[in-house]
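# Residue-level structure breakdown
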Amino acid sequence: MQLGFASAILPDQTLEEVFAIASQLNYDCVEVMCWPPGKAERRYAGVTHIDVTGLNDNSIREIQELSDRYGVSISALGYYPNPLSPDQQESQTAIEHLRRLIEAAPQLGLNRVNSFIGRDWSKSIDDNWPRFLDLWSPLVELAEQHSVRIGIENCPMFFSNDEWPGGKNLAISPAIWRRMFSDIPSPNFGLNYDPSHMVWQHMDYLEPLKEFADRIFHVHAKDVRIDRDRLNSVGILANPMEHHTPKLPGMGDVNWGQFFSILGDSGYDGPVCVEVEDRVYEGSLTTRFQSLQQSCTYLRNYIPNIE
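Report on the accompanying structure. Residues take numbers from 1 onward in each chain, read along the sequence in its written order. Totals for whole chains, interfaces and linings use all residues, but because this is a predicted model, local features are given only for residues with pLDDT of at least 70 and pairs of side-chain atoms are given and counted only at 80 or more. Excluded from the side-chain calculation are hydrogens and water; included are all heavy atoms of the structure.

### Looking at the overall build of the chain
This is how it is decided: To qualify as a helix, a DSSP run of H or I must reach at least 4 residues; to qualify as a strand, a run of E must reach at least 2; elements of each kind are numbered from the N terminus. Put simply, the radius of gyration uses C-alpha atoms, and a globule should come to 2.2 Å times the residue count raised to 0.38. Accessible area is worked out with a 1.4 Å probe on protein chains only. A residue is then buried under 20% of its type maximum, exposed over 50%, and partly exposed in between. Contacts: residue pairs with any heavy atoms within 4.5 Å of one another. Only the protein chains shown count as cover for residues, and all accessible areas are computed by the Shrake-Rupley method using a 1.4 Å probe. Counted as positive: Lys and Arg. Counted as negative: Asp and Glu, with His and the chain ends omitted from the count. Where a charge sits is defined by one atom per residue type, namely NZ (Lys), CZ (Arg), CG (Asp) or CD (Glu).
A tally of regular secondary structure across the chain gives 10 helices and 10 strands. In terms of overall size, the chain behaves like a compact globule, its C-alpha atoms giving a radius of gyration of 18 Å where 307 residues would be expected to give roughly 19 Å. Expressed as lengths along the three principal axes of its C-alpha atoms, the size of the chain is roughly 50 × 40 × 40 Å. Out of the 307 residues belonging to the chain, those deemed buried represent 56%. Of the contacts formed within the chain by residues at least 6 apart in sequence, a portion of 77% connects residues at least 24 apart. Entry remark: accessible area of the chain is about 13000 Å², with carbon and sulfur atoms responsible for 47%. For the chain, the distance from the average site of its 25 positive side-chain charges to the average site of its 42 negative ones is 3 Å.

### Digging into the nonpolar core
Selection rule: Within this scheme, the nonpolar core is defined by two criteria: the residues are buried Ala, Val, Leu, Ile, Met, Phe, Trp, Tyr or Cys, and they are joined through side-chain atoms within 4.5 Å.
Formed by 97 residues in total, the largest nonpolar core has its most connected members in Ile-50, Leu-77 and Trp-136. Among all residues touching Leu-77, those that are not within four sequence positions of it are Val-32, Cys-34, Ile-50, Leu-101, Ala-104, Ala-105, Leu-108, Leu-110, Arg-112, Val-113 and Asn-114.

### Side note on empty space enclosed by the protein
What counts is decided by this rule: Each cavity reported here is a set of points on a 1 Å grid over the protein atoms alone in which a 1.4 Å probe fits but cannot get out, each pocket an open set with protein on both sides within 12 Å along at least five of seven lines, and each lining residue one with an atom within 4 Å of a point. Grid points are joined across faces, edges and corners, and a volume is the space filled by probe spheres set on the points. In this count, Pro and Cys sit with the nonpolar residues alongside Ala, Val, Leu, Ile, Met, Phe, Trp and Tyr, while Asp, Glu, Lys and Arg are called charged and the others, Gly among them, polar.
Evaluation of the coordinates by the stated rule reveals one cavity of 30 Å³ or more. Forming the walls of the largest cavity are Phe-159, Ser-196, His-197, Trp-200, Lys-222, Asp-223, Val-224, His-244, Pro-246 and Glu-277. For the lining of the largest cavity, the secondary structure elements donating two or more residues are α6 (195-200), β8 (223-226) and β9 (244-247). Broken down by class, the residue content of the lining of the largest cavity amounts to four nonpolar, three polar and three charged.

### A short note on the environment of Leu-110
You can see Leu-110 is positioned in the loop between α3 (88-107) and β4 (112-115). Residues Leu-110 and Val-32, spaced 78 residues apart in sequence, show a C-alpha to C-alpha distance of 11 Å. With sequence-adjacent residues up to four places away left out, Leu-110 is seen in contact with Ile-74, Leu-77 and Ala-105.

### Focus on the layout of surface pockets
Over the atoms rolls a probe the size of a water molecule, and its path tells where empty space is left. Within this model, the second largest pocket holds a volume of roughly 300 Å³. Taken together, 16 residues form the lining of the second largest pocket, with Phe-158, Trp-200, Gln-201, Ile-236 and Pro-240 sitting closest to its centre. Its residues assigned to classes, the lining of the second largest pocket shows 10 nonpolar, five polar and one charged.

### A look at the side chain of Lys-222
The following threshold applies: Under the rule applied, a polar contact is a pair of N or O atoms within 3.5 Å (in protein, one hydrogen donor and one hydrogen acceptor; residues adjacent in sequence only if both atoms are side-chain atoms).
With respect to the helices, strands and loops of the structure, Lys-222 is situated in the loop between β7 (216-221) and β8. Judged by relative accessible area, which is 3%, Lys-222 ranks as buried. A distance of 3.5 Å separates a polar atom in the side chain of Lys-222 from a polar atom in the side chain of Ser-196. Once you skip the residues sitting within four places of it in the chain, Lys-222 turns out to touch Glu-153, Asp-194, Pro-195, Ser-196, His-197, Lys-247, Val-254, Trp-256, Glu-275 and Glu-277.

### Details of the packing of aromatic side chains
The condition is simple: Classification of ring pairs rests on two measures: the distance between centres of Phe, Tyr or Trp rings, Trp counted by its six-membered ring, which must be within 6.5 Å, and the angle between planes, read as stacked under 30 degrees, edge-to-face over 60 and tilted in between.
One pass over the full model with this rule turns up 16 aromatic pairs. On the numbers, 6.2 Å between centres and 25 degrees between planes, the contact of Trp-136 with Phe-189 is stacked. Residue Trp-136 is found in helix α4 (residues 125-145), and its partner Phe-189 is found in strand β6 (residues 189-193); the two are separated by 53 residues along the sequence. By relative accessible area, Trp-136 is classed as buried at 1%.

In short, shape yes, function no, at least from these values alone.
Structure, rendered in structure tokens:
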């Protein structure tokens, strides 16, 4: 396995600075955020460390030279919008940019793109399904043509009141993943698996490592703490942020020893990228740097760096 981090935590740094920090902190790789250039609409969104709309021979060569110079690879191109948004312009923009990422990945020598399925949060899963098939079947077909694997993160995207009641991503549970992979059975369609999202939904985060072993293309290392006193006060139907708190690996309820034990048994040997969403560390570049340093120190217990 390779230890990396998602570059969204360093929104104001250049790609070279991201690589330099990764190298300094002893990371192997980085999941590089590739949003369309522009203003972020939410936390951790709108980060553009590679602008795939402007790729050319020179920029591709520069990116590859940076990777070689710092000894840090790119685990995947990351872009997490809502392709099924009821806002047609938002949906169209997301689909078109996802197509650009799929086409850009092999130009950069890569074969992974990570994203969300999306969802119209005001409709049921069944009512979203026909549109999911209409929009995602061509995207997966395009990924096959370019030998790219699409990893869908299993985050419900229900953290704020504008995402109530259904969240903005369909791919939230094993039952839905089974249905997704049955209806779009391509081997290029899989998961960017994050155990923390299973924890706050009160689901087993270890069993999917076995059942979906051949569908896990990329892994996010993020922890989460269930705040039982708050949960007992507001209940599971409250906004999820009222009863759980995203944390750095080792500071929440995920048993990382068990997680890596089963992940290794499953045959997975790909990237595991820290995704920092711990507000304690967001205040400055120094604390963001500390979050990456602390996460690397902790996770190297399970992913040793063998030079």
